[in-house]
Amino acid sequence: MIRFQASPKFDKAATFILLDKTQIHKKSFNLITNATLRDAVKEIVDAGQFHGEERETFPIVANKKVLLLVGAGEPGKTNLTTLRSIVRQAALSSCFKKINDIELVPHNRETETVIAIIEGILIGTYSWDKYRKTTEKTVRPIEKNYILAVAAKKEYEDAVVTCQGVSLTRNLINENADIVTSELMESTVLGLVRGKKNVAVEILGKKEMKAKGLNLHLAVNQGSPNEPKLIIVKYTGAAKNVGYTAVVGKGVTFDTGGLNLKPTGHMETMRSDMSGAAAVIGTLKNALALNLKSNIIFVAAVAENCIGSKAFKPGDVFRGYNGKTVEILNTDAEGRLVLGDALAYVEKNYKPSRFIDLATLTGACVVALGYDYTGLVSNNDALANEILAHAEKTDDRVWRLPSYWEIKDYVKSEIADLKNVGLPKGAGGAITAAEFLRSFVNDTPWAHLDIAGTSFVDGKGRFYYGHGATGSGVRLLTSLLKSKE
Ligand code: BES
Ligand code: ZN
Ligand code: ZN
């Protein structure tokens, strides 16, 4: 939990003080509003023990308190991504292991800085430790009480709320696929919207999908013992005549690849293949908690791509909800099938003013951009630029990839309207997959975010994220949908 107090009492067991090089150089410590602590810091600086360098830390004991001096580097040089990671590192420091109440003095009070510090704590110290054996009984860092030495502001409170949505998304992604089934996604959504007046929910299960003809979605789920689900929440936060933004997430609860089975090394993280839908659910939580004054349609397209005697097969042809037929040339290219039906269904029945879909869609996007940038493909420059602006603001990074009319030919089939693979050897796989999706949208402005690289860290960590789900897309979407206010 984070609270805000312009002049904290400094009566807690520990204080974490960020200092940049200019403060050290000018010896200006006026943000430390407690004279005893200020003098202790001055003493260390005068002794030449602390310089404010990026990531430098110096623990001292003063006034019977643990004081951790943390270097914030040079103003203008140390960016906010680095600051988040500095805060993460310091918050996880062994100094604070047994301390649950921590005061934090920032090196400046700019709104952007304070939000980065909040995120450094709430996103940086998140960890998926449910299945880790712990011997020591310590409070998890994310659950500690932090008192930030700044006056409360709506933007700060909103940042805290937003991070809680990010945590929900991360928990859904990190948990076992046999726990996070379509049932659990449904009950999570229903739990969030319970008692809310400005929402309408529609959920299509197997029976409804059969009746309505969402055969691409059904095909992907054929081998699964779990029901497929298309979960739709219509949220009205503005006047009814204001356009609705539809956010649509790929929710493949596990992607084995299907009969085109994924090899070892490619399947271990595939419980994260519902990251798009999880980001939609985290954003729904935020929209409700922040009472966003926008109209939004939240969509989670949930299926499971299994092997078995009932699984769909390479060479099969299915007719989607929009009437187009698709030749399946690789059962591992399942995300576009589930999303294609979802986009067509929502466009026809909800007529949104614009679409943003999020999907762990292609390994090709990871090859193209790596793990730090989400790929963006859009048929509308205004929408694409809006997304890029919010991506920049929230550090939920996005890079635009091209889309041009000739790509159409790359997803044409010899025997059906479309095929679910693109060029030979997967060339340009991220943009051909996006083109497949685009062909399920008529005239609605549309943007596609490929989060295959950004949604999950399969290693020790990067930037200010630890191992596992990052919650990519949630801060971006929350910011974008909020700006409609
Ligand atoms: N879920 C995967 C994409 C993926 C890869 C997500 C790595 C996260 C990390 C997707 O369903 C898939 O397997 N796509 C194939 C498409 C190909 C068969 C045309 C791919 O990218 O290889
Ligand atoms: Zn796949
Ligand atoms: Zn997939």
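Rules of the game
Residues numbered from 1 in each chain as written. Chains lettered and ligands numbered in written order. Predicted model: local features only at pLDDT ≥ 70, side-chain atom pairs only at ≥ 80, totals over all residues. Heavy atoms only, no water. Axes fitted to C-alpha atoms, helices over the stretch in contact; angles between N-to-C directions. Helix = DSSP H or I, 4+ residues; strand = E, 2+ residues; numbered from the N terminus. Parallel < 35°, antiparallel > 145°, perpendicular 65-115°, else oblique. Left-handed = near helix turned anticlockwise from the far one by under 90°. Contact = heavy atoms within 4.5 Å. Nonpolar A, V, L, I, M, F, W, Y, C, P; charged D, E, K, R; others polar. Buried < 20%, exposed > 50% of the residue type's maximum accessible area, 1.4 Å probe, protein only. Polar contact = N/O pair within 3.5 Å; in protein donor to acceptor, adjacent residues only side chain to side chain. Donors = N, O, S within 2.8 Å, 3.2 Å for Na, K, Ca; no water. Tetrahedral: all angles 85-135°; square planar, octahedral: opposite > 155°, others 65-115°. Near = heavy atom within 4 Å. Patch = residues over 30% accessible without salt bridge, like charges linked within 9 Å, V, L, I, M, F, W, Y side chains within 5 Å. Areas by Shrake-Rupley, 256 points an atom, 1.4 Å probe, with all protein chains shown as cover. Salt bridge = Lys/Arg side-chain N within 4 Å of Asp/Glu carboxyl O. Core = buried A, V, L, I, M, F, W, Y, C linked by side-chain atoms within 4.5 Å. Domains from an automatic or database assignment. Phe/Tyr/Trp six-rings, centres within 6.5 Å; stacked < 30°, edge-to-face > 60°. Pairing = 2+ DSSP bridges. Buried area = accessible area lost by both parts, 1.4 Å probe.

### Topic: the packing of helix α12 (residues 381-394) against helix α14 (residues 474-482)
Working step 1: Between α12 and α14, the shortest axis-to-axis distance is 9 Å and the interhelical angle comes to 120°. Here α12 is positioned oblique relative to α14, judged by the angle of their axes. The interaxial crossing formed by α12 with α14 has right-handed handedness. Residues E386, I387, H390, A391, K393 and T394 of α12 lie in contact with α14, whose contacting residues are R475, L476, S479 and L480.
Working step 2: Across the contact of α12 with α14, the residue classes tally to four nonpolar, three polar and three charged.

### A word on the side chain of S378
Working step 1: Counting through the fold element by element, S378 comes out in strand β14 (residues 374-378).
Working step 2: Accessibility expressed as a relative area gives 4% for S378, which makes it buried.
Working step 3: A polar atom in the side chain of S378 sits 3.0 Å from the backbone nitrogen of N380.

### Some remarks on the coordination of the zinc ion (ligand 3)
Working step 1: Taken together, K250 (NZ), D255 (OD), D273 (OD) and E334 (OE) make up the protein donors of the zinc ion (ligand 3), found 1.9 to 2.4 Å from the metal.
Working step 2: Coordination at the zinc ion (ligand 3) comes from six donor atoms whose angles at the metal span 76 to 174°, giving a geometry best classed as octahedral.
Working step 3: In primary-sequence terms, the residues that donate to the zinc ion (ligand 3) follow K-x4-D-x17-D-x60-E.
Working step 4: In this structure, the zinc ion (ligand 3) lies 3.2 Å from the zinc ion (ligand 2), and both are coordinated by D255. As far as the burial class goes, K250 and D255 line up, both buried.

### Things to note about the site of ligand 1
Working step 1: The full set close to ligand 1 counts 15 residues, and K262, D273, D332, E334 and G363 are the nearest of them.
Working step 2: Within the side chain of E334, an N or O atom sits 2.8 Å from an oxygen atom of ligand 1.
Working step 3: Broken down by class, the residue content of the shell around ligand 1 amounts to four nonpolar, four polar and seven charged.

### Description of the coordination of the zinc ion (ligand 2)
When a metal holds four donors in a tetrahedron, each ideal angle between them is 109.5 degrees; when it holds six in an octahedron, the ideal angles are 90 or 180 degrees.
Working step 1: Binding of the zinc ion (ligand 2) to the protein goes through D255 (OD), D332 (O), D332 (OD) and E334 (OE), at separations of 2.0 to 2.2 Å.
Working step 2: For the zinc ion (ligand 2), the six donor atoms in the first shell make angles of 72 to 168° at the metal, so the coordination geometry reads as irregular.
Working step 3: The sequence motif formed by the donor residues of the zinc ion (ligand 2) is D-x76-D-x1-E.
Working step 4: Classification of E334 as buried rests on a relative accessible area of 0%.

### A closer look at a nonpolar patch on the surface
Working step 1: Nonpolar side chains collect at one region of the surface, where L259, L261 and I307 lie side by side and expose about 260 Å² of accessible area between them.
Working step 2: You can see L261 is positioned in the loop between β9 (244-255) and α9 (275-290).
Working step 3: Look at L261 and you get partly exposed, because its relative accessible area is 47%.

### Some details on unusual backbone geometry
Working step 1: With a phi close to 50°, K27 is a non-glycine residue in the positive phi region.
Working step 2: Along the chain, K27 turns up in the loop between α1 (21-26) and α2 (35-46).
Working step 3: Judged by its relative accessible area of 41%, K27 is partly exposed.

### Section: the nonpolar core
Working step 1: Ranked by internal contacts, the top residues of the largest apolar core, which has 83 residues, are I2, F16, L18, I118, L148, F298 and I387.
Working step 2: Considering every element that reaches this core, the biggest residue donor is α9, with nine residues.
Working step 3: The residue makeup of this core includes at least three contributed by each of domain 1 (2-153) and domain 2 (160-482).
Working step 4: Those residues within four positions of L148 in sequence are excluded, and the remaining contacts are I2, R3, F4, Q5, L104, P106, V114, I117 and I118.
Working step 5: Listed in part, the 48 residues of the second largest apolar core include V220, I232, L361 and F436.

### Topic: the packing of aromatic side chains
Working step 1: Taken as a whole, this structure holds nine aromatic pairs when the rule is applied.
Working step 2: With a centroid separation of 5.1 Å and 65° between ring planes, the pair formed by Y321 and Y345 is classed as edge-to-face. Separated by 24 residues along the polypeptide, Y321 in the loop between β11 (317-319) and β12 (325-327) and Y345 in helix α10 (residues 335-350) bring together distant segments of the chain.
Working step 3: For Y321, a relative accessible area of 17% gives the class buried.

### A closer look at the sheet that holds β12
Working step 1: Taken in spatial order, the three strands of this open sheet run β11-β12-β16, and their pairing is mixed. The sheet terminates laterally at β11 and β16 (418-419), the two strands that pair on one side only.
Working step 2: Here three bridges tie β11 to β12, and the two strands are oriented antiparallel to one another. Bridge assignment links V317 to a residue of β12, and that residue is E327.

### A short note on the domain arrangement of the protein
Working step 1: If you check the domain split of the protein, you get domain 1 (2-153) and domain 2 (160-482).
Working step 2: Centre-to-centre, using C-alpha coordinates, domain 1 lies 37 Å away from domain 2.
Working step 3: Counting residues at the interface gives 16 residues for domain 1 and 18 residues for domain 2.
Working step 4: Here domain 1 packs against domain 2, burying approximately 1,600 Å² in sum over the two surfaces, 59% of which is carbon and sulfur.
Working step 5: By the criterion of area lost to domain 2, the three top residues of domain 1 are I123, Y126 and W128, representing 42% of everything that side buries.
Working step 6: Across the domain 1-domain 2 interface, the total number found is three salt bridges.
Working step 7: Of the charged contacts, one joins R475 and E119 as a salt bridge, the two residues approaching to 2.8 Å between their closest N and O atoms.
Working step 8: Those elements that provide at least two residues to the side of domain 1 that touches domain 2 are β1 (2-4), α3 (80-91) and α4 (111-122).
Working step 9: When residues in the side of domain 1 that touches domain 2 are grouped by element, the largest group, four residues, is from α3.

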